[in-house]
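Residue-level listing of the chains:
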Amino acid sequence: QVQLVESGGGLVQTGDSLRLSCAASGRTYVMAWFRQAPERDREFVAAITEIDHARYYAESVKNRFTISRDNAKNTVYLQMDNLKFEDTAVYSCAASQRRFNFRLMSTYDSWGQGTQVTVSS
């Protein structure tokens, strides 16, 4: 397991952009973002692998969000463009050494504390 610290959340308007960052205390194979809106289950947003930077996205964010990572800094980023009201949620970073099922919460054994993203309509 590693320690994860997120930053970059905030209050924005519909159509705005925001970038989240998550710094890990060590190397991880896959890093991901999940989110949880009020009164809803936590859901997968995006994931990226360490070596080939393979990317995986939820359909709801595809073509609007971009996940990237800097392995030298053990940091993953989530660039969120054209934000919508329904993107409002607590965004959490997750990490794992597992090499499968990147869309499942159970794959990840390290989690950050979460950062709030609020999109006003």
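Values in this document were obtained by computation on a predicted structure and should not be read as measured data.

Draft legend 1. Representation of unusual backbone geometry in the model. Unlike most non-glycine residues, N74 shows phi in positive territory, near 50 degrees. Within the secondary structure, N74 is located in the loop between β7 (65–70) and β8 (75–80). Of note in the backbone geometry, N82 takes a positive phi value of approximately 50 degrees without being a glycine. Within the secondary structure layout, N82 lies in the loop between β8 and β9 (89–96).

Draft legend 2. Focus on the pattern of salt bridges. Per the stated rule, a full pass over the model turns up five salt bridges. With a shortest N-O distance of 2.9 Å, D87 and R35 are connected by a salt bridge. Taken as a pair, D87 in the loop between β8 and β9 and R35 in strand β4 (residues 30–36) lie far apart in primary sequence, 52 residues in all. This pair shows no difference in class: D87 is buried, exactly as R35 is. Note that D87 and R64 form a salt bridge whose closest N and O atoms lie 2.7 Å from each other. Taken together, the residues D87 in the loop between β8 and β9 and R64 in the loop between β6 (55–57) and β7 connect sequence positions 23 residues apart.

Draft legend 3. Broad picture of the sheet that holds strand β1 (residues 4–7). The four strands lie next to each other as β1-β3-β8-β7, forming an open sheet whose pairing is antiparallel. The outermost strands of the open sheet, each flanked by one partner alone, are β1 and β7. In this sheet, adjacent strand axes meet at a mean angle of 15 degrees when their direction is disregarded. Sheet analysis places strand β3 (residues 18–24) next to β8, joined by six bridges and oriented antiparallel. Within β8, the residue paired with C22 across the bridge is V76.

Draft legend 4. A look at the nonpolar core. Ranked by internal contacts, the top residues of the largest apolar core, which has 37 residues, are W33, L78, M80 and Y91. Residue assignment for this core shows that the elements contributing at least two residues are β3, β4, β5 (43–49), β7, β8, β9 and β11 (115–120).

Draft legend 5. Region of interest: the state of the cysteines. Per the stated rule, a full pass over the model turns up one disulfide. Each sulfur of the disulfide joining C22 and C93 lies 2.1 Å from the other. Taking the sign of the S-S torsion, -85 degrees for the link of C22 and C93, the bridge is left-handed. One end of the pair, C22, is in strand β3; the other, C93, is in strand β9, with 71 residues separating them in the sequence. Since its relative accessible area comes to 0%, C22 is described here as buried.

Parameters at a glance
- Residues numbered from 1 in each chain as written.
- Predicted model: local features only at pLDDT ≥ 70, side-chain atom pairs only at ≥ 80, totals over all residues.
- Heavy atoms only, no water.
- Helix = DSSP H or I, 4+ residues; strand = E, 2+ residues; numbered from the N terminus.
- Salt bridge = Lys/Arg side-chain N within 4 Å of Asp/Glu carboxyl O.
- Buried < 20%, exposed > 50% of the residue type's maximum accessible area, 1.4 Å probe, protein only.
- Pairing = 2+ DSSP bridges.
- Axes fitted to C-alpha atoms, helices over the stretch in contact; angles between N-to-C directions.
- Core = buried A, V, L, I, M, F, W, Y, C linked by side-chain atoms within 4.5 Å.
- Disulfide = S-S within 2.5 Å.

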